[in-house]
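Observations on the three-dimensional arrangement
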Amino acid sequence: MALLLRHSRKLRRVHVVLDCERGSIARHFSVAAAKEDAVSSSSVHGEYGKKVGRSSIFLDRQSDKDLHTFKVSSREAGGSYSSKRMPIAATGVNSLFSCGQVVSARHFSSGADLPPHEAIGMPSLSPTMTEGNIARWVKKEGDKVSPGEVLCEVETDKATVEMECMEEGYLAKIVCGDGAKEIKVGEIIAITVEEEGDIEKFKDYKASSSAAAPAESKPQSEPVEPKEEKKEVSKAPEPTATKTEESSQSGDRLFSSPVARKLAEDNNVPLSSLKASAAKGSKKEAAAAPGLGYVDLPNTQIRKVTANRLLQSKQTIPHYYLTVDSRVDKLIKLRSELNPMQDASGGKKISINDLVIKAAALALRKVPACNSSWMNDFIRQYHNVNINVAVQTEHGLFVPVVRDADKKGLATIADEVKQLALRAKDNSLKPEDYEGGTFTVSNLGGPFGIKQFCAIVNPPQSAILAIGSAEKRVVPGAAEGQYEIGSFMSATLSCDHRVIDGAMGAEWLKAFKGYLEDPTTMLL
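How each quantity is defined
- Residues numbered from 1 in each chain as written.
- Predicted model: local features only at pLDDT ≥ 70, side-chain atom pairs only at ≥ 80, totals over all residues.
- Heavy atoms only, no water.
- UniProt positions renumbered as here; feature names shortened; annotations may be inferred.
- Helix = DSSP H or I, 4+ residues; strand = E, 2+ residues; numbered from the N terminus.
- Buried < 20%, exposed > 50% of the residue type's maximum accessible area, 1.4 Å probe, protein only.
- Contact = heavy atoms within 4.5 Å.
- Pairing = 2+ DSSP bridges.
- Core = buried A, V, L, I, M, F, W, Y, C linked by side-chain atoms within 4.5 Å.
- Patch = residues over 30% accessible without salt bridge, like charges linked within 9 Å, V, L, I, M, F, W, Y side chains within 5 Å.
- Areas by Shrake-Rupley, 256 points an atom, 1.4 Å probe, with all protein chains shown as cover.
- Salt bridge = Lys/Arg side-chain N within 4 Å of Asp/Glu carboxyl O.
- Axes fitted to C-alpha atoms, helices over the stretch in contact; angles between N-to-C directions.
- Phe/Tyr/Trp six-rings, centres within 6.5 Å; stacked < 30°, edge-to-face > 60°.
- Expected span 1.5 Å × (residues − 1).
- Arc of directions from axis to C-beta.
- Polar contact = N/O pair within 3.5 Å; in protein donor to acceptor, adjacent residues only side chain to side chain.
- Left-handed = near helix turned anticlockwise from the far one by under 90°.
- Nonpolar A, V, L, I, M, F, W, Y, C, P; charged D, E, K, R; others polar.

Identification of the chain as Dihydrolipoamide acetyltransferase component of pyruvate dehydrogenase complex from Triticum aestivum is taken from an unreviewed UniProt entry. Quoted straight from UniProt, the Cofactor (unreviewed entry) entry for the chain says "(R)-lipoate". Among the UniProt annotations of the chain, the heading Sequence similarities (unreviewed entry) holds the following wording: "Belongs to the 2-oxoacid dehydrogenase family."

In this structure, Ser 442 sits in strand E21 (residues 439–443). Of the residues examined, Ser 442 reaches a relative accessible area of 12% and is grouped as buried. Residues within four places of Ser 442 in sequence aside, it is in contact with Ala 390, Phe 453, Ile 464, Leu 465, Ala 466 and Ile 467.

Another aspect to go through is the environment of Ile 379. Relative to the helices and strands, Ile 379 is located in strand E16 (residues 379–381). Excluding anything up to four places from it in sequence, Ile 379 contacts Ser 372, Ser 373, Trp 374, Arg 498 and Val 499.

As a further point, take the sheet that holds strand E10 (residues 183–184). The 4 strands are arranged E8-E7-E5-E10 in an open sheet whose pairing can be described as antiparallel. With partners counted over all chains shown, the strands left at the sheet margins are strand E8 (160–164) and E10, one partner each. For strand E5 (residues 131–137) and E10, the ladder comprises 2 bridges, and the chain directions are antiparallel. Bridged to Glu 131 within E10 is Lys 184.

Counting residues in hydrophobic clusters, the biggest one holds 54 residues, and the most contacted among them are Ile 387, Phe 439, Leu 465, Trp 508 and Phe 512. At 9 residues, helix H14 (residues 352–366) tops the list of elements feeding residues into this core. Membership of the second largest hydrophobic core comes to 19 residues, among which are Ile 134, Met 163, Leu 171 and Val 185.

What follows covers a nonpolar patch on the surface. Together, Val 474, Tyr 483 and Ile 485 line one region of the surface with nonpolar side chains, adding up to about 380 Å² of accessible area. Mapping Val 474 onto the fold places it in strand E22 (residues 463–476).

With that settled, the discussion passes to the environment of Gly 396. With respect to the helices and strands, the residue Gly 396 is situated in strand E19 (residues 396–398). When the C-alpha atoms of Gly 396 and Asn 427 are compared, they prove to be 9.5 Å apart, with 31 residues separating the residues in sequence. Leave out the neighbours within four places in its chain, and Gly 396 touches Arg 303 and Val 391.

Sheet architecture is open: 6 strands sit in the order E14-E23-E22-E21-E17-E20, paired in mixed fashion. The open sheet terminates on both sides in strands that have one partner only, identified here as strand E14 (319–327) and strand E20 (401–402). Of the pairings in the sheet, the one linking strand E17 (residues 387–389) to E20 comprises 2 bridges and is antiparallel in character. Looking at the pairing, Ile 387 lines up with Val 402 of E20. On top of the sheet, H14 reaches E17, E21, E22 and strand E23 (483–496); it is set at about 155 degrees to E21, its chief contact.

With that settled, the discussion passes to the packing of aromatic side chains. A ring pair, where both rings are aromatic, is described by two values, the distance of the centres and the angle of the planes. Applying the stated rule across the entire model yields 3 aromatic pairs. Relative to Tyr 205, the ring of Phe 202 has its centre 5.8 Å away and its plane inclined at 55 degrees; by these criteria the two rings are tilted. Like Phe 202, the residue Tyr 205 is buried in the burial classification. Their ring planes at 10 degrees and their centres at 5.3 Å tell us that Trp 508 and Phe 512 sit as a pair that is stacked. Here Phe 512 and Trp 508 lie together in helix H17 (residues 502–517), a separation of 4 residues that amounts to about one turn. You can call Phe 512 buried: its relative accessible area is 0%. Ring pairing ties together the aromatic residues Phe 439, Trp 508 and Phe 512, which thus form one cluster.

Between the first and last C-alpha of H17 there are 22 Å, a value that for 16 residues agrees with the 22 Å anticipated at 1.5 Å per step. Among the residues making up H17, those that are buried are Gly 505, Trp 508, Leu 509, Ala 511, Phe 512, Tyr 515 and Leu 516. The buried residues of H17 occupy one face: seen down the axis, they fall within an arc of 160 degrees. Of the exposed residues in H17, the ones pointing more than 90 degrees away from its buried face are Ala 503 and Lys 510. On the buried face of H17, the contacting elements are E14, helix H13 (329–345), H14, E21, E22 and E23.

Turning to the environment of Pro 519, a few remarks are in order. Considering the arrangement of structural elements, one finds Pro 519 in the segment after H17. For Pro 519 and Leu 331, which are 188 residues apart along the polypeptide, the C-alpha to C-alpha distance reads 5.8 Å.

Attention now moves to the side chain of Asn 427. With respect to the helices and strands, Asn 427 occurs in the loop between helix H15 (410–425) and E21. Looking at Asn 427, the relative accessible area reads 11%, which means it is buried. Here the side chain of Asn 427 touches Thr 160 through a polar contact of 2.7 Å, side chain to side chain. Sequence-distant contacts of Asn 427, that is, excluding residues within four places in its chain, are made with Thr 160, Ile 302, His 395 and Phe 398.

Where H14 contacts H15, the two axes come as close as 9 Å, and the packing angle between them is 115 degrees. As for the relative orientation of H14 and H15, their crossing is right-handed in sense. In this structure, H14 uses Asp 354, Leu 355, Ile 357 and Lys 358 to contact H15, whose residues at the interface are Leu 410, Ile 413, Ala 414, Val 417 and Lys 418. Its residues assigned to classes, the contact of H14 with H15 comprises 6 nonpolar, no polar and 3 charged.

Moving on, we come to helix H12 (residues 301–316). For H12, which comprises 16 residues, the first-to-last C-alpha distance of 22 Å matches the rise-based estimate of 22 Å (1.5 Å per residue) to within 8%. Taken residue by residue, H12 has Gln 301, Ile 302, Thr 306 and Ser 313 as its buried positions. All buried residues of H12 fall inside an arc of 125 degrees around its axis, so they share one side. With respect to the buried face of H12, the exposed residues turned more than 90 degrees away are Asn 308 and Gln 315. Structurally, H12 contributes buried residues whose contacts are with E5, strand E7 (150–155), E14 and E19.

This is the structure in structure tokens:
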């Protein structure tokens, strides 16, 4: 670190070289004092015109000054090194690397038993990811790996994503095996080496010492006394607690709050009788527990995140609901006319849900105020109409996105929805398959026969459409005294009242219903 700070002047304008706002990346080595002086004097204090080791010169495009960068390998330095994992703090570096965080770092060991190696950390594969699970390792220990090859499958907070190798080498050690859960971003999951002969030296490698290194760097001046004071503080309330438990009958302690005692005194009710009834109830519950049969199912990362987002949505978004029934006889007829043409051309069959997605997208284009998000200080209205489609799988609820659905034909929407649903069931969706949605459609009618329901808004979106099943009803005919049978489908719009007022939501539903009842207008 001293080496980096001593020459930080030369790194001050490194963001110009990297073409981003701010960002500096440097490989950091700690070395014995004698070798440090030798390396620094030869590579840094040498003339800029010379090429020392593997140094190179860049031109600062704004100041026309030369920037001298250097790399030192363990072989060039002629000694062994110990390394520290140095986090990269930069606001513009994410756009440069197209990933959330750079978590792999090359480690140089101080002992002969551990040769130069690279520690691969749990990557940040989505903007909201803080931890992940290892679904399975594609490569095994001892396998050769090349850039672009899949190392393992990581279960993120959104989906299962393939993690690719960045450098050529050999997978020496898998630290977190198949099924490893709740691995923090940056935590070491594997070790790679450059030479095949170095694999055996990592047979008993454990990442606990290296992973704990950052945590050990606490201020040395931290006193021990506060710990003792905490213990004393925890013991202090004990006499107060025993005071409240003094009143008893039949030798049992009586737990009661001051409010409970006051209420009992005002109503002339002895606390002992209340205690007895509570004790009987607790005994019944305890007796019933052993007879219960159950199984504990571990929550996946996807289910955890879904649960947190839905809880946040219900607690923080002021929901209200609008429902309309649309007659869909013409919609069903149009579908029956289009599908034979799809079969002839080898395309996917068009479903009622595909027609609903198209109608919802066109209604959003007609009423763009509903294609918005609440951003606290302002409302963000989107130009793109990207429809998330809720898909239920055995792994949890997925909402892949159909982008620019208002501009796509029914055949394209049908093909994309079926492909996304298939990948969701295979648990192989990528982040780009579910990010960037502006509106969500959830259909429980066709697959499950649910007549009508109210869905929970998917933040940061401001509305979600819940589609029920179509049912036949007897309705008045064209002439007086005549009746006919029509198919009606229920649709409920859940709205964020901060963004969508009641009249605005009603206007959107009116447009949506118009497209369903006269579907030929969707072709205009």
